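Each chain, written out:
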Amino acid sequence: MKKILSILLAAATLSACQEAMDERCAREAKDFTEKKCPALITATNGTRVVIDSLVFTPQNRTLTYYYTVEGTADDTLAIQKADLWSLMLKNLRNSTNLKDYKEAGYNFGYVYYSTKNAGTRLFEATFQRKDYE
């Protein structure tokens, strides 16, 4: 009987921690968007990249970063040529800021929109734990 109670207590504790982590993630994403967006990320070689928002989707535990691209990279072919997928994955793997979320197995999404063709997605990728570990 003690073993069963220990297992149930452990399961309840783990699920409580999970809820707290998801709540933290949602709050931090909302705060980041409200306080820091839009924000210039880079402006080099005739290209400007602005982060527009950070959104947490609890159903699939995904943090999604939304960006707008302006200038020479504001083109689907330019994005493909730059191999943005590999660059984003490398940055995610090396990110110490996301350590807690990576350890918790969160997914990370990146969406880039065009400035010259408003509403046009230039790039989209979602990385799961199996990708970044």
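Attention here is on the structure that accompanies the text. (Residues numbered from 1 in each chain as written. Predicted model: local features only at pLDDT ≥ 70, side-chain atom pairs only at ≥ 80, totals over all residues. Heavy atoms only, no water.)

Observations concerning the pattern of salt bridges
Thought 1: Under the criterion given, the structure shown has eight salt bridges.
Thought 2: Two residues, R48 and E70, come together in a salt bridge whose shortest N-O distance is 3.8 Å. One end of the pair, R48, is in strand β2 (residues 47-57); the other, E70, is in strand β3 (residues 62-71), with 22 residues separating them in the sequence.
Thought 3: What emerges from the salt-bridge pattern is a single network uniting R24, E28 and D100. (Salt bridge = Lys/Arg side-chain N within 4 Å of Asp/Glu carboxyl O. Helix = DSSP H or I, 4+ residues; strand = E, 2+ residues; numbered from the N terminus.)

Quick look at the sheet that holds strand β5 (residues 121-127)
Thought 1: The five strands lie next to each other as β1-β2-β3-β4-β5, forming an open sheet whose pairing is mixed. Edge positions in the sheet fall to β1 (39-44) and β5, since each of these pairs with one other strand and no more. Averaged over all neighbouring strand pairs, the angle between strand axes comes to 20 degrees, with direction disregarded.
Thought 2: With five bridges connecting them, β1 and β2 associate as antiparallel partners. By the bridge assignment for β2, L40 is matched with V50.
Thought 3: Its contacts with the sheet place helix α3 (residues 84-94) against β4 (107-114) and β5, and it is angled at close to 40 degrees to β5. (Pairing = 2+ DSSP bridges. Axes fitted to C-alpha atoms, helices over the stretch in contact; angles between N-to-C directions. Contact = heavy atoms within 4.5 Å.)

A look at the layout of surface pockets
Thought 1: Of the volumes computed, that of the largest pocket is approximately 520 Å³.
Thought 2: In terms of lining, the largest pocket is formed by 23 residues, of which the most central are L84, L87, M88, N91 and Y112.
Thought 3: Of all elements in the fold, only β1, β2, β3, α2 (76-81), α3 and β4 reach the threshold of two or more residues within the lining of the largest pocket.
Thought 4: Residue composition of the lining of the largest pocket, by class: 16 nonpolar, seven polar and no charged.
Thought 5: Quantified by volume, the second largest pocket comes out at close to 220 Å³.
Thought 6: Lining the second largest pocket are R24, C25, E28, A29, F32, L54, L63, Y65, N97, L98 and Y101.
Thought 7: At the level of elements, α1 (2-36) and β3 are the ones that each hand at least two residues to the lining of the second largest pocket.
Thought 8: Among the elements that line the lining of the second largest pocket, the one with the most residues is α1, at five residues.
Thought 9: Looking at the lining of the second largest pocket, its residues break down into eight nonpolar, one polar and two charged. (1 Å grid on protein atoms, 1.4 Å probe; cavity = no way out; pocket = protein on both sides within 12 Å on 5 of 7 lines; lining within 4 Å. Points joined across faces, edges and corners; volume = space filled by probe spheres on them. Nonpolar A, V, L, I, M, F, W, Y, C, P; charged D, E, K, R; others polar.)

Observations regarding unusual backbone geometry
Thought 1: With an omega of -5 degrees, the peptide bond running from C37 to P38 counts as cis.
Thought 2: The topology assignment puts P38 in the loop between α1 and β1.
Thought 3: Here R61, not a glycine, exhibits a phi torsion of approximately 50 degrees, which is positive.
Thought 4: Inspection of the secondary structure puts R61 in the loop between β2 and β3.
Thought 5: Phi angles above zero are rare outside glycine, and D83 is one such case at about 55 degrees.
Thought 6: Residue classification places D83 among the partly exposed positions, given a relative accessible area of 40%. (Buried < 20%, exposed > 50% of the residue type's maximum accessible area, 1.4 Å probe, protein only.)

In short, the description is geometric, and any link to function would need to be established separately.
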